[in-house]
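These are the residues of each chain, in order.
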Amino acid sequence: MDDFEKIYLSWRPGQGKRRHIVGVLEHHHDDKFTFDYDKKGIEEAIKEGFSPYTEFADTQKTYNGNVLDVFAQRLMKPERSDVQTFYNFWEIEPQFINDKFYLLGHTQGLLPTDNFEFLAEYKPVTGLHFLTDLARVAERELISNSVMQGDKLRYRLDKNNQYYSYAVKVYKGDIELGFIKKIHSKIFYEVGEKKLNLTVKAIDQNGIIKRIFVKVSV
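Residues numbered from 1 in each chain as written. Predicted model: local features only at pLDDT ≥ 70, side-chain atom pairs only at ≥ 80, totals over all residues. Heavy atoms only, no water.

## Thoughts on the sheet that holds strand E6 (residues 152-157)
Note the cut-off: Between any two strands, pairing holds if DSSP finds at least two bridges. Numbering goes from the N terminus for both helices and strands, where a helix is a DSSP run of H or I of at least four residues and a strand is a run of E of at least two. Lines fitted to C-alpha atoms define the axes, with helix axes restricted to the stretch in contact, and inter-axis angles between N-to-C directions lie between 0 and 180 degrees. Working rule for contacts: check all heavy atoms of both residues, and any pair within 4.5 Å makes them a contact.
Reading across from one edge, E5-E10-E9-E6-E7-E8 is the order of the six strands in this open sheet, with antiparallel pairing throughout. Each edge of the open sheet is held by one strand with a lone partner, namely strand E5 (129-133) and strand E8 (175-179). Taken over all neighbouring pairs, the strand axes of this sheet differ in orientation by 35° on average, direction set aside. Note: E6 against strand E9 (residues 197-206), two bridges, orientation antiparallel. Bridging across to E9, Leu153 finds its partner in Leu198. Lying over the sheet, helix H3 (residues 83-90) contacts E5, E9 and strand E10 (208-217), oriented at roughly 130° with respect to E9.

Okay, here's the thing in structure tokens:
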């Protein structure tokens, strides 16, 4: 499925902090990959302690060659006994389990050891679906079980947001839950209001809700 061509590298200084878009990994039509830093994003991130990705230390350079293989080291190893559970959670279709670019975009390359995320810029193609965890959930201190797996959510384009021009608020009924992540939110502006379906996939909670994973589908 050709549902994205760019994956943006996001960084933040810690949980609950604002994300900075610091680079972009792009899949070109000749099946080559390049990685470039976002100069403006880096300027802001450095103020909060950002350091360049270890293998790509020169922020002025365009990287090619093995860039995808470097980032793909973040993916779960296919020989692990729990890899199918991982694929099932992220709803990875069997024909794409060997596609590193697809896997990186759809699983966000999340690791517990750093604050990088890989956010695909999705296109509204037929059959598109992806998972995203909502931003700024924990600060709302929603009590456990106030949101349940399978709940249908609604969204509103927050066009006057002072921090991000593609901001999207997400609600359960009249309760504001949080925001769609940066980059993931762009597709909402492309298709407009009420064109995407949002369903709660999973919840991390302990007294209060800490994270909400949402399935987005066309």
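## So, unusual backbone geometry
In this structure, Asp31 is a non-glycine residue whose phi angle is positive, near 65°. Its place among the elements puts Asp31 in the loop between strand E2 (20-27) and strand E3 (33-37). For Glu91, which is not glycine, the phi dihedral falls at a positive 55°. Summarising the element assignment, Glu91 is placed in the loop between H3 and helix H4 (100-107).

## Things to note about the pattern of salt bridges
Selection criterion: Salt-bridge detection follows one rule: a side-chain nitrogen of Lys or Arg within 4 Å of a carboxyl oxygen of Asp or Glu. Accessible area is worked out with a 1.4 Å probe on protein chains only. A residue is then buried under 20% of its type maximum, exposed over 50%, and partly exposed in between.
Overall, the coordinates contain 18 salt bridges when judged by the stated rule. Of the charged contacts, one joins Asp82 and Arg80 as a salt bridge, the two residues approaching to 2.8 Å between their closest N and O atoms. On the accessibility criterion, Asp82 (30% relative accessible area) is partly exposed. A relative accessible area of 42% places Arg80 in the partly exposed class. With a closest N to O distance of 2.7 Å, Asp133 and Lys181 form a salt bridge.

## Some points on the packing of aromatic side chains
Going by this rule: Ring geometry is summarised as follows: Phe, Tyr and Trp rings, the Trp one being its six-membered ring, pair when their centres sit within 6.5 Å, and such pairs are stacked at plane angles under 30 degrees, edge-to-face over 60 and tilted between the two. For a Lys NZ or an Arg CZ to count as sitting over a ring, it must be within 6 Å of the ring centre and within 35 degrees of the ring normal.
Going through the model one piece at a time under the given rule, you end up with 23 aromatic pairs. Feature note: the residues Trp11, Phe35, Tyr37, Phe50, Tyr53, Phe56, Tyr63, Phe71, Phe116 and Phe118 constitute an aromatic cluster, connected by ring pairs. Between Arg18 and the ring centre of Tyr163, over which it is positioned, the NZ or CZ distance is 4.0 Å.

## Considering the pairing of E3
Where burial is concerned, most of E3 is hidden: four out of the five residues are buried. As judged from the five bridges shared by E2 and E3, these two strands associate in the antiparallel manner. For Glu26, the partnering residue across the bridge sits in E3 and is Thr34. In this antiparallel pair of consecutive strands, E2 and E3, the connection spans five residues, and Asp31 shows a positive phi of 65°.

## Looking at the nonpolar core
Filter applied, for reference: Throughout, nonpolar core names a set of buried Ala, Val, Leu, Ile, Met, Phe, Trp, Tyr and Cys residues whose side chains join them through atoms within 4.5 Å.
Leu25, Phe35, Tyr53, Phe56, Phe188, Leu198 and Ile212 are the most contacted members of the largest nonpolar core, which has 62 residues in total. Residue contacts for Leu198: discarding those within four places in its chain leaves Asp151, Lys152, Leu153, Tyr155, Val170, Ile180, Phe188, Val214 and Lys215. With six residues, the next largest nonpolar core counts Tyr8, Ile21, Val24 and Leu119 among its residues.

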